[in-house]
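# Analysis of the macromolecular model
Here is how the chains run, residue by residue.
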Amino acid sequence: MTPHRDELLARLWPLSRRYLASYVLFNQAVADHLGMHPTDVQCLNLLTLEDGPVTTGRVAELTGLTSGSATRLVDRLEKAGLVARQRDEADRRRVLVAVLPDALARFGEVWRELGGDWAAIFAEDSEDELAFLLRHMNRTVELSHRQIARLADTDLRPRGDRDS
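The present account deals with the structure reproduced in this document. These numbers were taken from a predicted model, which means no experiment stands behind them.

## Quick notes on the packing of aromatic side chains
Following the criterion strictly, the structure yields four aromatic pairs and no others. Ring geometry for Y23 versus F26: centroids 5.7 Å apart, planes at 50°, classification tilted. Residue Y23 and its partner F26 are both found in helix α1 (residues 5-34); the two are separated by three residues, about one turn of the helix. Measuring from ring centre to ring centre gives 6.0 Å for F26 and W111, while their planes differ by 50°; the resulting arrangement is tilted. Here W111 lies in helix α5 (residues 101-123) and F26 lies in helix α1, a separation of 85 residues in the sequence. Taken together, the aromatic side chains of Y23, F26, F107, W111 and W118 make up a single cluster linked through ring pairs.

## A look at the side chain of N27
Within the secondary structure, N27 sits in helix α1. A distance of 3.3 Å separates a polar atom in the side chain of N27 from the backbone oxygen of P38. In this view, N27 contacts P38, V41 and Q42; residues no more than four positions away in its chain are not counted.

## What about the pattern of salt bridges?
Two side chains of opposite charge can pair, provided their charged atoms sit close to one another. In total, this model carries nine salt bridges according to the counting rule given. Ionic pairing is found between E78 and R85, a salt bridge with its closest N-O pair at 2.5 Å. On the accessibility criterion, R85 (29% relative accessible area) is partly exposed. For D88, the salt bridge identified is with R94, shortest N-O distance 2.9 Å. Among the residues examined, D88 registers a relative accessible area of 12% and is labelled buried.

## Points about the nonpolar core
L34, M36, V41, L47, V59, L77 and V83 are the most contacted members of the largest nonpolar core, which totals 23 residues. Going through the elements one at a time, α1, α2 (38-49), α3 (56-63), α4 (67-79) and α5 are the ones with two or more residues in this core. Once residues within four sequence positions are removed from consideration, V83 is found in contact with L44, L47, V74, L77, E78, V97, A98, V99 and L100.

## Side note on the packing of α1 against α5
Where α1 meets α5, the closest approach of the two axes is 11 Å, and the angle between their N-to-C directions is 140°. If you check the angle between α1 and α5, you find them oblique. Crossing hand, α1 versus α5: right-handed. Residue-level contacts link Y23, F26, V30, H33 and L34 of α1 to R106, F107, V110, W111, L114 and W118 of α5. When the residues that make up the contact of α1 with α5 are grouped by side-chain class, the tally is nine nonpolar, one polar and one charged.

Rules of the game
Residues numbered from 1 in each chain as written. Predicted model: local features only at pLDDT ≥ 70, side-chain atom pairs only at ≥ 80, totals over all residues. Heavy atoms only, no water. Phe/Tyr/Trp six-rings, centres within 6.5 Å; stacked < 30°, edge-to-face > 60°. Helix = DSSP H or I, 4+ residues; strand = E, 2+ residues; numbered from the N terminus. Polar contact = N/O pair within 3.5 Å; in protein donor to acceptor, adjacent residues only side chain to side chain. Contact = heavy atoms within 4.5 Å. Salt bridge = Lys/Arg side-chain N within 4 Å of Asp/Glu carboxyl O. Buried < 20%, exposed > 50% of the residue type's maximum accessible area, 1.4 Å probe, protein only. Core = buried A, V, L, I, M, F, W, Y, C linked by side-chain atoms within 4.5 Å. Axes fitted to C-alpha atoms, helices over the stretch in contact; angles between N-to-C directions. Parallel < 35°, antiparallel > 145°, perpendicular 65-115°, else oblique. Left-handed = near helix turned anticlockwise from the far one by under 90°. Nonpolar A, V, L, I, M, F, W, Y, C, P; charged D, E, K, R; others polar.

Next up, the structure:
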């Protein structure tokens, strides 16, 4: 017998929290393995998905950080030898952040090492299931961006936890 929608949703909420927590903990383990901060790992991850060097403003957009926090993040990545700032050839006033080749190779090696296990999970899925997963992941990414913006604009802490 197929569970009803309400039953499925009741099972989905706690599982989605476990899913998110497991990814955060996985990200922490990757960061620990690389000797990095988890935010730095994800910033580097996002930078490797871009078509080329980006501005610090784009780093702020990608991460949901303020421009000041994004600048400090780029400072840490630069100090760690993972990125370099370079002048934009088209507009010499602009400074771009570029992932360094050694960092890209090191980062890629870790993902390749772990990627086989991830690929095996999807090997069992049909094309329809993969299409569903793509749709779900795109919607999740969009929702995350909206929620990050909401959290940045709203103090959601309980009243007793707020600064007076």
